[in-house]
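The residues making up each chain are set out below.
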Amino acid sequence: MLVFWFLLIALVVVVAAVTLAVVGGGSEAVLPEAEPDRVADALPESRPVVRADIDALRLPVAPRGYRMAEVDDVLERLAAELTERDARIAELTAAAAHTRAQATGATVDLHKGEEQQ
């Protein structure tokens, strides 16, 4: 019975010592503040996003899944990149159609000129 009480008192002392060490002794914090997880390989700001950037992207995991703010930032960036590319594709398609129309018109004019001679 004496051993039981000794072990119980020792357990209480150890738990109290660990609690005091973790909580700290007042104004000084024993444990430093942990930095929140952030995207390690963020999408490049200086150039357009390519497939390799997406493949290399790793979003930080939170206790209940992914951090919504980080995922929202990545999705907004990808949406902006896709919007820019869609606009550029539409612009180039219109320019190509205009060039084809001018080339077709010039060919028709040449044939009309040959028929008149």
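Only a predicted model underlies this, so the values are computations on that prediction, with no experimental measurement involved.

**Q** Just give me the short version of the overall build of the chain, but keep the residues and values in it.
**A** Of the regular secondary structure elements, the chain holds 3 helices and 2 strands. Reading the chain from its N terminus to its C terminus gives the helix and strand order α-α-β-β-α. By the burial criterion, 11% of the 117 residues in the chain qualify as buried. With an accessible surface of roughly 10,100 Å², the chain has 64% of that area assigned to carbon and sulfur atoms.

**Q** Talk me through the pattern of salt bridges; I want residue IDs and the actual numbers.
**A** Within the structure shown, the criterion is met by 6 salt bridges. A salt bridge links R77 to E45; its shortest N-O distance comes to 3.4 Å. Note that R77 is positioned in helix α3 (residues 68–116) and E45 in the loop between α1 (2–23) and α2 (51–56), a separation of 32 residues in sequence. The exposure class assigned to R77 is buried, which follows from its relative accessible area of 16%. Here R51 ties to D55 by a salt bridge, and the two come within 3.1 Å at their closest N and O atoms. Highlighted residues: R51 and D55, both in helix α2, separated by 4 residues, approximately one helical turn.

**Q** Account for a nonpolar patch on the surface, naming residues and giving values.
**A** On the surface, a nonpolar cluster with roughly 740 Å² of combined accessible area is contributed by M1, F4, W5, L8, L11, V12 and V15. Within the secondary structure, M1 sits in the segment before α1. A relative accessible area of 73% places M1 in the exposed class.

**Q** Can you lay out the confidence of the model for the chain for me, pointing to particular residues and giving the numbers?
**A** The predicted model of the chain averages 79 in pLDDT, with 74% of residues at 70 or higher. When pLDDT is averaged over each helix and strand of the chain, the minimum, 74, is found for strand β1 (residues 61–62) and the maximum, 89, for α1.

**Q** Could you give an account of the side chain of E81, naming the residues involved and the relevant values?
**A** Within the secondary structure, E81 is located in helix α3. At a separation of 3.5 Å, a polar atom in the side chain of E81 contacts the main-chain amide nitrogen of V49. Not counting the four nearest positions on each side in its chain, E81 is found in contact with R47, P48 and V49.

**Q** Could you give an account of the environment of I54, with specific residues and numbers?
**A** Tracing the sequence through the fold places I54 in helix α2. What makes I54 partly exposed here is its relative accessible area of 33%. Taking the C-alpha atoms as reference points, I54 and V74, 20 residues apart in sequence, are found 9.7 Å from one another. In contact with I54, other than residues within four places in its own chain, are L43, V49 and L78.

Calculation criteria
Residues numbered from 1 in each chain as written. Predicted model: local features only at pLDDT ≥ 70, side-chain atom pairs only at ≥ 80, totals over all residues. Heavy atoms only, no water. Helix = DSSP H or I, 4+ residues; strand = E, 2+ residues; numbered from the N terminus. Buried < 20%, exposed > 50% of the residue type's maximum accessible area, 1.4 Å probe, protein only. Areas by Shrake-Rupley, 256 points an atom, 1.4 Å probe, with all protein chains shown as cover. Salt bridge = Lys/Arg side-chain N within 4 Å of Asp/Glu carboxyl O. Patch = residues over 30% accessible without salt bridge, like charges linked within 9 Å, V, L, I, M, F, W, Y side chains within 5 Å. pLDDT = per-residue confidence, 0-100. Polar contact = N/O pair within 3.5 Å; in protein donor to acceptor, adjacent residues only side chain to side chain. Contact = heavy atoms within 4.5 Å.

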